[in-house]
Amino acid sequence: VKELDRSGQLLSSQGTVYPLLNRLHESGLVSSYWEMSDSERPRRYYEITNEGRRELDEFRNDWAEFAGAVNTLMASTKAPSSESESR
Amino acid sequence: MTKQTGQRMIRSYLRQFDATAAALPRPRRALLREELATHLRDAISPEMSEIEVARVIADLGSPADIIGEEASGAPRRRGSSAGGTDKLKILLIVLAVAAGALALFAILPIVVSYLTASERNLSALVWALSAISAVACAAFIIAARRRSRN
(Lines give C-alpha, C1' and ligand atoms only; values in the text may rest on other atoms or scores of the structure.)
Protein backbone atom coordinates (compact mmCIF):
# COMPACT_ATOMS: atom_id res chain seq x y z
CA VAL A 1 0.00 0.00 0.00
CA LYS A 2 2.82 2.36 0.88
CA GLU A 3 4.52 1.63 -2.43
CA LEU A 4 1.32 2.36 -4.36
CA ASP A 5 0.83 5.51 -2.34
CA ARG A 6 4.40 6.67 -3.01
CA SER A 7 3.83 6.39 -6.76
CA GLY A 8 1.62 9.45 -6.31
CA GLN A 9 -0.90 8.72 -9.06
CA LEU A 10 -2.49 5.36 -8.40
CA LEU A 11 -4.27 5.86 -5.07
CA SER A 12 -6.05 8.96 -3.83
CA SER A 13 -5.30 7.69 -0.30
CA GLN A 14 -4.03 4.47 1.26
CA GLY A 15 -7.49 3.45 2.47
CA THR A 16 -8.93 3.35 -1.05
CA VAL A 17 -6.88 0.20 -1.67
CA TYR A 18 -9.41 -1.82 0.37
CA PRO A 19 -12.39 -1.19 -1.95
CA LEU A 20 -10.08 -1.99 -4.88
CA LEU A 21 -8.98 -5.25 -3.25
CA ASN A 22 -12.62 -6.11 -2.61
CA ARG A 23 -13.42 -5.66 -6.31
CA LEU A 24 -10.48 -7.84 -7.31
CA HIS A 25 -11.73 -10.41 -4.82
CA GLU A 26 -15.26 -10.34 -6.24
CA SER A 27 -13.81 -10.76 -9.72
CA GLY A 28 -11.84 -13.83 -8.62
CA LEU A 29 -8.51 -12.17 -9.34
CA VAL A 30 -7.35 -12.36 -5.72
CA SER A 31 -8.30 -14.70 -2.89
CA SER A 32 -8.22 -13.85 0.79
CA TYR A 33 -8.05 -15.57 4.12
CA TRP A 34 -8.22 -14.52 7.74
CA GLU A 35 -5.48 -15.30 10.16
CA MET A 36 -6.45 -15.46 13.79
CA SER A 37 -4.06 -15.11 16.67
CA ASP A 38 -4.63 -14.92 20.40
CA SER A 39 -2.58 -11.77 20.86
CA GLU A 40 -3.83 -9.74 17.89
CA ARG A 41 -7.04 -8.97 16.09
CA PRO A 42 -7.94 -11.15 13.10
CA ARG A 43 -5.98 -10.11 10.04
CA ARG A 44 -7.00 -10.49 6.40
CA TYR A 45 -4.40 -11.52 3.83
CA TYR A 46 -4.81 -11.32 0.06
CA GLU A 47 -3.17 -13.51 -2.54
CA ILE A 48 -3.27 -13.29 -6.31
CA THR A 49 -5.07 -16.22 -8.00
CA ASN A 50 -4.00 -18.04 -11.18
CA GLU A 51 -6.69 -16.14 -13.04
CA GLY A 52 -5.31 -12.92 -11.55
CA ARG A 53 -1.84 -13.80 -12.87
CA ARG A 54 -3.25 -14.49 -16.32
CA GLU A 55 -5.09 -11.17 -16.24
CA LEU A 56 -1.90 -9.43 -15.09
CA ASP A 57 0.13 -10.97 -17.94
CA GLU A 58 -2.54 -9.92 -20.42
CA PHE A 59 -2.57 -6.40 -18.99
CA ARG A 60 1.24 -6.22 -19.17
CA ASN A 61 1.13 -7.09 -22.88
CA ASP A 62 -1.73 -4.67 -23.59
CA TRP A 63 0.03 -1.95 -21.63
CA ALA A 64 3.34 -2.46 -23.44
CA GLU A 65 1.57 -2.17 -26.82
CA PHE A 66 -0.42 0.87 -25.71
CA ALA A 67 2.56 2.64 -24.11
CA GLY A 68 4.71 1.91 -27.18
CA ALA A 69 2.05 3.37 -29.48
CA VAL A 70 1.67 6.51 -27.34
CA ASN A 71 5.45 6.95 -27.06
CA THR A 72 5.81 6.66 -30.83
CA LEU A 73 3.04 9.19 -31.35
CA MET A 74 4.46 11.62 -28.79
CA ALA A 75 7.96 11.33 -30.26
CA SER A 76 6.62 12.26 -33.68
CA THR A 77 4.65 15.22 -32.31
CA LYS A 78 6.51 18.46 -31.93
CA ALA A 79 6.22 20.04 -28.49
CA PRO A 80 4.79 23.57 -28.69
CA SER A 81 7.55 26.17 -28.60
CA SER A 82 7.74 28.67 -25.76
CA GLU A 83 7.02 31.42 -28.29
CA SER A 84 3.70 29.89 -29.34
CA GLU A 85 2.79 29.16 -25.72
CA SER A 86 3.26 32.81 -24.76
CA ARG A 87 0.82 33.99 -27.43
CA MET B 1 1.90 10.33 23.28
CA THR B 2 0.09 7.84 25.47
CA LYS B 3 -1.41 4.65 24.13
CA GLN B 4 -4.82 5.98 25.13
CA THR B 5 -4.45 9.04 22.90
CA GLY B 6 -3.71 6.83 19.86
CA GLN B 7 -6.68 4.62 20.70
CA ARG B 8 -8.89 7.67 21.11
CA MET B 9 -7.88 9.01 17.68
CA ILE B 10 -8.54 5.61 16.08
CA ARG B 11 -11.95 5.40 17.74
CA SER B 12 -12.78 8.89 16.55
CA TYR B 13 -11.83 7.93 12.99
CA LEU B 14 -13.94 4.77 13.15
CA ARG B 15 -16.92 6.76 14.46
CA GLN B 16 -16.61 9.02 11.41
CA PHE B 17 -16.48 5.89 9.27
CA ASP B 18 -19.65 4.50 10.89
CA ALA B 19 -21.48 7.76 10.27
CA THR B 20 -20.41 7.85 6.62
CA ALA B 21 -20.76 4.18 5.74
CA ALA B 22 -24.39 3.70 6.74
CA ALA B 23 -25.42 3.22 3.11
CA LEU B 24 -23.12 0.22 2.60
CA PRO B 25 -24.51 -3.29 3.10
CA ARG B 26 -23.88 -4.38 6.69
CA PRO B 27 -21.47 -7.31 5.95
CA ARG B 28 -19.35 -5.19 3.62
CA ARG B 29 -19.35 -2.30 6.07
CA ALA B 30 -18.15 -4.55 8.90
CA LEU B 31 -15.38 -6.03 6.75
CA LEU B 32 -14.13 -2.67 5.53
CA ARG B 33 -14.23 -1.26 9.06
CA GLU B 34 -12.16 -4.16 10.34
CA GLU B 35 -9.57 -3.68 7.60
CA LEU B 36 -9.28 0.05 8.30
CA ALA B 37 -9.04 -0.56 12.06
CA THR B 38 -6.28 -3.16 11.54
CA HIS B 39 -4.46 -0.80 9.17
CA LEU B 40 -4.48 1.98 11.79
CA ARG B 41 -3.51 -0.29 14.69
CA ASP B 42 -0.59 -1.66 12.65
CA ALA B 43 0.60 1.78 11.60
CA ILE B 44 0.26 3.57 14.94
CA SER B 45 2.64 2.85 17.78
CA PRO B 46 2.62 4.28 21.33
CA GLU B 47 5.92 6.10 20.69
CA MET B 48 4.35 8.29 17.98
CA SER B 49 3.51 11.90 18.63
CA GLU B 50 -0.03 13.15 18.14
CA ILE B 51 1.10 14.85 14.92
CA GLU B 52 2.53 11.60 13.59
CA VAL B 53 -0.70 9.75 14.37
CA ALA B 54 -2.68 12.49 12.63
CA ARG B 55 -0.39 12.01 9.64
CA VAL B 56 -1.06 8.25 9.55
CA ILE B 57 -4.80 8.93 9.65
CA ALA B 58 -4.50 11.56 6.91
CA ASP B 59 -2.52 9.10 4.74
CA LEU B 60 -5.25 6.50 5.19
CA GLY B 61 -7.74 9.00 3.78
CA SER B 62 -11.07 10.32 4.94
CA PRO B 63 -13.92 7.83 5.38
CA ALA B 64 -15.82 9.79 2.72
CA ASP B 65 -13.01 9.17 0.20
CA ILE B 66 -12.90 5.47 0.95
CA ILE B 67 -16.69 5.04 0.89
CA GLY B 68 -16.74 7.02 -2.35
CA GLU B 69 -14.27 4.56 -3.90
CA GLU B 70 -16.34 1.67 -2.56
CA ALA B 71 -19.56 3.07 -4.00
CA SER B 72 -18.15 4.25 -7.32
CA GLY B 73 -16.83 0.94 -8.53
CA ALA B 74 -19.10 -1.62 -10.02
CA PRO B 75 -17.16 -4.87 -9.68
CA ARG B 76 -14.77 -5.28 -12.55
CA ARG B 77 -15.66 -8.31 -14.52
CA ARG B 78 -13.28 -11.01 -15.47
CA GLY B 79 -11.48 -10.29 -18.69
CA SER B 80 -12.42 -6.64 -18.64
CA SER B 81 -8.91 -5.62 -19.66
CA ALA B 82 -9.10 -7.68 -22.82
CA GLY B 83 -10.23 -4.71 -24.90
CA GLY B 84 -6.84 -4.49 -26.55
CA THR B 85 -7.01 -8.16 -27.55
CA ASP B 86 -10.45 -7.69 -29.10
CA LYS B 87 -9.17 -4.69 -31.06
CA LEU B 88 -6.30 -6.83 -32.33
CA LYS B 89 -8.78 -9.52 -33.40
CA ILE B 90 -10.91 -6.97 -35.27
CA LEU B 91 -7.78 -5.62 -36.96
CA LEU B 92 -6.73 -9.12 -38.01
CA ILE B 93 -10.21 -9.89 -39.40
CA VAL B 94 -10.28 -6.62 -41.36
CA LEU B 95 -6.80 -7.35 -42.72
CA ALA B 96 -7.88 -10.88 -43.70
CA VAL B 97 -10.95 -9.55 -45.53
CA ALA B 98 -8.80 -6.91 -47.28
CA ALA B 99 -6.24 -9.55 -48.29
CA GLY B 100 -9.02 -11.76 -49.63
CA ALA B 101 -10.47 -8.87 -51.62
CA LEU B 102 -7.05 -8.05 -53.09
CA ALA B 103 -6.49 -11.69 -54.07
CA LEU B 104 -9.91 -11.74 -55.73
CA PHE B 105 -9.13 -8.56 -57.65
CA ALA B 106 -5.85 -10.08 -58.80
CA ILE B 107 -7.60 -13.06 -60.45
CA LEU B 108 -10.67 -11.08 -61.49
CA PRO B 109 -9.45 -10.13 -65.01
CA ILE B 110 -8.89 -13.81 -65.83
CA VAL B 111 -12.31 -14.84 -64.53
CA VAL B 112 -14.15 -11.85 -65.99
CA SER B 113 -12.94 -12.59 -69.51
CA TYR B 114 -15.05 -15.79 -69.44
CA LEU B 115 -18.21 -14.11 -68.06
CA THR B 116 -21.11 -12.36 -69.76
CA ALA B 117 -22.12 -8.85 -68.60
CA SER B 118 -25.00 -10.10 -66.43
CA GLU B 119 -22.76 -12.78 -64.83
CA ARG B 120 -20.20 -10.07 -64.02
CA ASN B 121 -22.85 -7.99 -62.26
CA LEU B 122 -24.04 -11.03 -60.35
CA SER B 123 -20.52 -12.01 -59.25
CA ALA B 124 -19.81 -8.44 -58.09
CA LEU B 125 -22.98 -8.54 -56.00
CA VAL B 126 -22.07 -11.95 -54.53
CA TRP B 127 -18.57 -10.71 -53.69
CA ALA B 128 -19.89 -7.59 -51.95
CA LEU B 129 -22.45 -9.60 -49.95
CA SER B 130 -19.75 -12.11 -48.90
CA ALA B 131 -17.48 -9.35 -47.66
CA ILE B 132 -20.32 -7.72 -45.68
CA SER B 133 -21.31 -11.11 -44.20
CA ALA B 134 -17.72 -11.82 -43.10
CA VAL B 135 -17.48 -8.48 -41.28
CA ALA B 136 -20.95 -8.92 -39.72
CA CYS B 137 -20.06 -12.46 -38.52
CA ALA B 138 -16.83 -11.20 -36.97
CA ALA B 139 -18.67 -8.38 -35.17
CA PHE B 140 -21.34 -10.82 -33.97
CA ILE B 141 -18.75 -13.30 -32.60
CA ILE B 142 -16.87 -10.55 -30.75
CA ALA B 143 -20.10 -9.12 -29.29
CA ALA B 144 -21.20 -12.60 -28.16
CA ARG B 145 -17.82 -13.19 -26.47
CA ARG B 146 -18.05 -9.88 -24.65
CA ARG B 147 -21.59 -10.67 -23.47
CA SER B 148 -20.50 -14.08 -22.18
CA ARG B 149 -17.67 -12.47 -20.19
CA ASN B 150 -20.09 -10.09 -18.50
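Residues numbered from 1 in each chain as written. Chains lettered and ligands numbered in written order. Predicted model: local features only at pLDDT ≥ 70, side-chain atom pairs only at ≥ 80, totals over all residues. Heavy atoms only, no water.

A. Representation of the nonpolar core. One finds Tyr18 of chain A together with Tyr13, Leu32, Leu36, Leu40, Ile44 and Leu60 of chain B to be the most contacted residues of the largest nonpolar core, which totals 23 residues. Only helix H2 (17-26) of chain A together with helix H1 (3-20), helix H2 (26-43), helix H3 (50-60) and helix H4 (63-72) of chain B provide two or more residues apiece to this core. Per-element accounting of this core gives the leading share, five residues, to H1 of chain B. Residues in contact with Leu40 of chain B, not counting those within four places in the same chain, are Ile10, Tyr13, Val56, Ile57 and Leu60 of chain B. (Core = buried A, V, L, I, M, F, W, Y, C linked by side-chain atoms within 4.5 Å. Buried < 20%, exposed > 50% of the residue type's maximum accessible area, 1.4 Å probe, protein only. Helix = DSSP H or I, 4+ residues; strand = E, 2+ residues; numbered from the N terminus. Contact = heavy atoms within 4.5 Å.)

B. Fine view of a nonpolar patch on the surface. A surface patch of nonpolar side chains, about 530 Å² in accessible area, is lined by Phe59, Trp63, Phe66, Val70 and Met74 of chain A. Take Met74 of chain A: its relative accessible area is 53%, and that puts it in the exposed class. (Patch = residues over 30% accessible without salt bridge, like charges linked within 9 Å, V, L, I, M, F, W, Y side chains within 5 Å. Areas by Shrake-Rupley, 256 points an atom, 1.4 Å probe, with all protein chains shown as cover. Salt bridge = Lys/Arg side-chain N within 4 Å of Asp/Glu carboxyl O.)

C. Representation of the packing of aromatic side chains in the model. Residues and elements named next belong to chain A. Summed over the entire model, instances satisfying the criterion amount to three aromatic pairs over all chains. Seen from their ring centres, Phe59 and Trp63 are 6.1 Å apart, and the 15° between their planes marks the pair as stacked. Of this pair, Phe59 and Trp63 both sit in helix H3 (residues 50-76), four residues apart, which is roughly one turn of the helix. Of the aromatic side chains, those joined through ring pairs into one cluster are Phe59, Trp63 and Phe66. (Phe/Tyr/Trp six-rings, centres within 6.5 Å; stacked < 30°, edge-to-face > 60°.)

D. Highlighting the side chain of Asn22 of chain A. If you trace the backbone, Asn22 of chain A turns up in helix H2. Taking relative accessible area as the criterion, Asn22 of chain A reaches 9% and is therefore assigned buried. In this view, Asn22 of chain A contacts Arg28 and Glu70 of chain B; residues no more than four positions away in its chain are not counted.

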